[in-house]
Amino acid sequence: MISRYITNDGKLTEIKEYEQGMWINLVAPTNDEANKIAFKYGIDIVDLRAALDSYESSRVDVTEDYTLILFDIPSVEIRHSQEAYTTIPLGVIWTKEAIITVCSVETPVVRYFIDSHIRDFTTKKQVRFTYQLLYRANMLYQTYLRVIDKKRIEMEEKIGGTTEDSDIIILYELESNLVYFDTSLRANRMVLDKLKRYSGIKKYPDDQELLDDAVIENLQAIEMTQIYRDIIKGTRELMSAVIDNRLNNIMKYLASITIVMSIPTIISGLYGMNVKSEGMPLAATTCGFGVICSVTAVICVIVAIILKKRKMM
């Protein structure tokens, strides 16, 4: 899908024709759409479609006709019937006539600009627009990181209650989300560093301040990711230990019951032996059966009390 926008008097307007200083937003473009834009602005089709490959690495490529800036942004997806987070590339291409953004899905990072939530936004200032995209991406990373930590807290509150094996799997999924974030944020840091060193960009004070803010937010997102990874890892290990401890308690309880139940089995087995009755105590007594049952019950109770005191039941 191709969308074209331009700002006039501080207002973003969607247009139908191609104009100087406009913003072209490509969302999952078809081959025909990609070839059309690539031919019109002299862009290598491989560079234009780079953002559509989820395995593309973040980078900055400079040519005579255009500049490609590729960085990762956070995205929501469904894994194992649950909402999870991952990262996808977002491509920004500077040309002399327009700025072009390319992404495989419609993302909140770009949508934030379309909905006019950014102050001092203009499609004619390509460098500032790119810095604003980077800044917004880092802020979205932090938002999703807080959501992940909130989910972790909810799982942590269940420890000691109805904790199940599926809860450990959910924590593992959260931890894997943070791995994606950490890898992408570090790659984005390299892009930010290259933009700071790139001598071909006119360094206006306002733009430089915005780039510095994007760098700070990127570092903060990296630090948050590391902290949350460590916390989730500890929570997952604690939850696993709690489940193992519950299993041990159940096995200990069952073992204690087995010990108690073995007492009447042993006694009844001895009295069931094929020997003469004269050799068996209380065999000739009328109330012998009741006495033996009572003694057996008393022994079972005594053993149960001993096991209870030793916290085995």
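Every value quoted in this text rests on a predicted model; they were computed, and no experiment measured them.

What counts and how
- Residues numbered from 1 in each chain as written.
- Predicted model: local features only at pLDDT ≥ 70, side-chain atom pairs only at ≥ 80, totals over all residues.
- Heavy atoms only, no water.
- Phe/Tyr/Trp six-rings, centres within 6.5 Å; stacked < 30°, edge-to-face > 60°.
- Helix = DSSP H or I, 4+ residues; strand = E, 2+ residues; numbered from the N terminus.
- Buried < 20%, exposed > 50% of the residue type's maximum accessible area, 1.4 Å probe, protein only.
- Lys NZ or Arg CZ within 6 Å of the ring centre and 35° of its normal.
- Core = buried A, V, L, I, M, F, W, Y, C linked by side-chain atoms within 4.5 Å.
- Pairing = 2+ DSSP bridges.
- Disulfide = S-S within 2.5 Å.
- Axes fitted to C-alpha atoms, helices over the stretch in contact; angles between N-to-C directions.
- Contact = heavy atoms within 4.5 Å.

Asker: What's the story with the packing of aromatic side chains in this structure? I'm lost.
Answerer: Two aromatic rings, taken as a pair, are described by how far apart their centres are and by the angle between their planes. Taken as a whole and judged by the stated rule, the model has ten aromatic pairs. Taking the centre distance of 5.0 Å and the plane angle of 75 degrees together, the rings of Trp 23 and Phe 129 count as edge-to-face. With Trp 23 in strand β3 (residues 22-27) and Phe 129 in helix α4 (residues 126-157), this pair connects stretches of sequence that are 106 residues apart. Classification of Trp 23 by relative accessible area gives buried; the value is 0%. Assessed through its relative accessible area of 0%, Phe 129 is described here as buried. Three or more aromatic residues joined by ring pairs make a cluster, and in this case those are Tyr 5, Trp 23, Phe 113, Phe 121 and Phe 129. Between the NZ or CZ atom of Lys 40 and the centre of the ring of Tyr 41, over which it lies, the distance is 5.9 Å.

Asker: Just to check I follow, could you spell out the nonpolar core for this structure?
Answerer: It is characteristic of soluble globular proteins that their nonpolar side chains tend to be buried jointly. Counting 52 residues, the largest nonpolar core has Trp 23, Ile 69, Phe 71 and Ile 73 as its most contacted members. One finds Ile 37, Tyr 41, Ile 93 and Ala 98 within the second-largest nonpolar core, a separate group that totals 20 residues.

Asker: Whenever I open this one, the pairing of strand β5 (residues 67-79) confuses me. Can you help?
Answerer: Within a regular beta strand, the side chains point alternately toward one face of the sheet and then the other, so they alternate between its two faces. Judged by how many residues are buried, β5 sits mostly within the fold: ten of 13 residues are covered. Bridging between strand β4 (residues 59-62) and β5 involves four bridges; their strand directions are antiparallel. What sits directly across from Arg 59, in β5, is Leu 70. A loop of four residues connects β4 with β5, the two strands running antiparallel in sequence. The pairing of β5 with strand β6 (residues 82-94) spans 13 bridges and is classified as antiparallel. From the neighbouring strand, Asp 72 faces β6, where its bridge partner is Pro 89.

Asker: Sorry, what's going on with the state of the cysteines here?
Answerer: By definition, a disulfide links the sulfur atoms of two cysteine residues through a covalent bond. Within the structure shown, the criterion is met by zero disulfides. Unpaired in terms of disulfides, Cys 293 finds its nearest cysteine sulfur in Cys 300, a separation of 11 Å.

Asker: What am I meant to see in the sheet that holds β6 here?
Answerer: For sheets, the rule is that strands pair by backbone hydrogen bonds, running either parallel or antiparallel. Strand order in this open sheet of seven strands is β2-β1-β3-β7-β6-β5-β4, and the pairing throughout is mixed. Two strands bound the open sheet, and with one partner strand each, they are β2 (11-15) and β4. The average undirected angle you get between the axes of adjacent strands in this sheet is 25 degrees. Relative to β3, strand β1 (residues 2-8) runs antiparallel, the two sharing four bridges. Its bridge partner lying in β3, Ile 2 is registered against Leu 26. Contacting β3, β5, β6 and β7 (98-103), α4 runs over the sheet at an angle of about 25 degrees to β5.

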